[in-house]
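Topology and contacts: notes
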Amino acid sequence: TFEVGGTRNGRIVLAQHQDPDTGAGYTLKKYKSTKSVDTDTGWRHESISLIPINPEYQEIVVPAKEAEEFRIIAFLVEVLRDGRLQYH
């Protein structure tokens, strides 16, 4: 498993999570989370939201207890001139 360090907040991500709008196991959304200090691990998620780019779709709110049950597969790096998306 490859993990990318640093913050995910505000980044467009490809997440492995059940999308309620499409039923798909993956979704492309903007990542937003809040964290709090945890004396054992340093920090923990309080909330994670996957915010749709297209307003016709729903925001996905991941409860803190389920935070470890989904994965970020890729980050959107850039949109190429021909309109294709490039992931990392």
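Described in the following lines is the structure provided in the data block.

**Brief notes about the overall build of the protein**
Looking only at helices and strands, the protein features 0 helices and 6 strands. Reading the protein from its N end, one meets helices and strands in the order β-β-β-β-β-β. Contacts in the protein between residues at least 24 apart in sequence constitute 31% of all its contacts with a sequence separation of at least 6. Split by element, the accessible area of the protein, about 6300 Å² in all, is 49% carbon and sulfur.

**Brief notes about the packing of aromatic side chains**
Evaluated as defined, the whole model comprises 0 aromatic pairs. The lysine or arginine in question, Arg11, covers the ring of Phe75, its NZ or CZ lying 3.9 Å from the ring centre.

**A few points about the nonpolar core**
Counting 11 residues, the largest nonpolar core consists of Val13, Ala15, Tyr31, Ile48, Leu50, Ile60, Val62, Ala67, Phe70, Ile72 and Phe75. At the level of elements, β1 (12-16), β3 (44-51), β4 (60-63) and β5 (71-79) are the ones that each hand at least two residues to this core.

**Describing the environment of Thr7**
Tracing the chain through its elements places Thr7 in the segment before β1. Judged by relative accessible area, which is 52%, Thr7 ranks as exposed. Along the primary structure Thr7 and Tyr31 are separated by 24 residues, whereas in three dimensions their C-alpha atoms are 9.7 Å apart.

**A look at the environment of Glu59**
Tracing the backbone through its elements, the reader meets Glu59 in the loop between β3 and β4. For the pair Glu59 and Asp19, spaced 40 residues apart in the sequence, the C-alpha separation amounts to 9.4 Å. In contact with Glu59, other than residues within four places in its own chain, are Ser49, Leu50, Ile51 and Pro52. At 3.0 Å, the side chain of Glu59 and the side chain of Ser49 are in polar contact.

The rules behind the values
Residues numbered from 1 in each chain as written. Predicted model: local features only at pLDDT ≥ 70, side-chain atom pairs only at ≥ 80, totals over all residues. Heavy atoms only, no water. Helix = DSSP H or I, 4+ residues; strand = E, 2+ residues; numbered from the N terminus. Contact = heavy atoms within 4.5 Å. Areas by Shrake-Rupley, 256 points an atom, 1.4 Å probe, with all protein chains shown as cover. Phe/Tyr/Trp six-rings, centres within 6.5 Å; stacked < 30°, edge-to-face > 60°. Lys NZ or Arg CZ within 6 Å of the ring centre and 35° of its normal. Core = buried A, V, L, I, M, F, W, Y, C linked by side-chain atoms within 4.5 Å. Buried < 20%, exposed > 50% of the residue type's maximum accessible area, 1.4 Å probe, protein only. Polar contact = N/O pair within 3.5 Å; in protein donor to acceptor, adjacent residues only side chain to side chain.

Treat this as a map of the structure, not an account of what it does.
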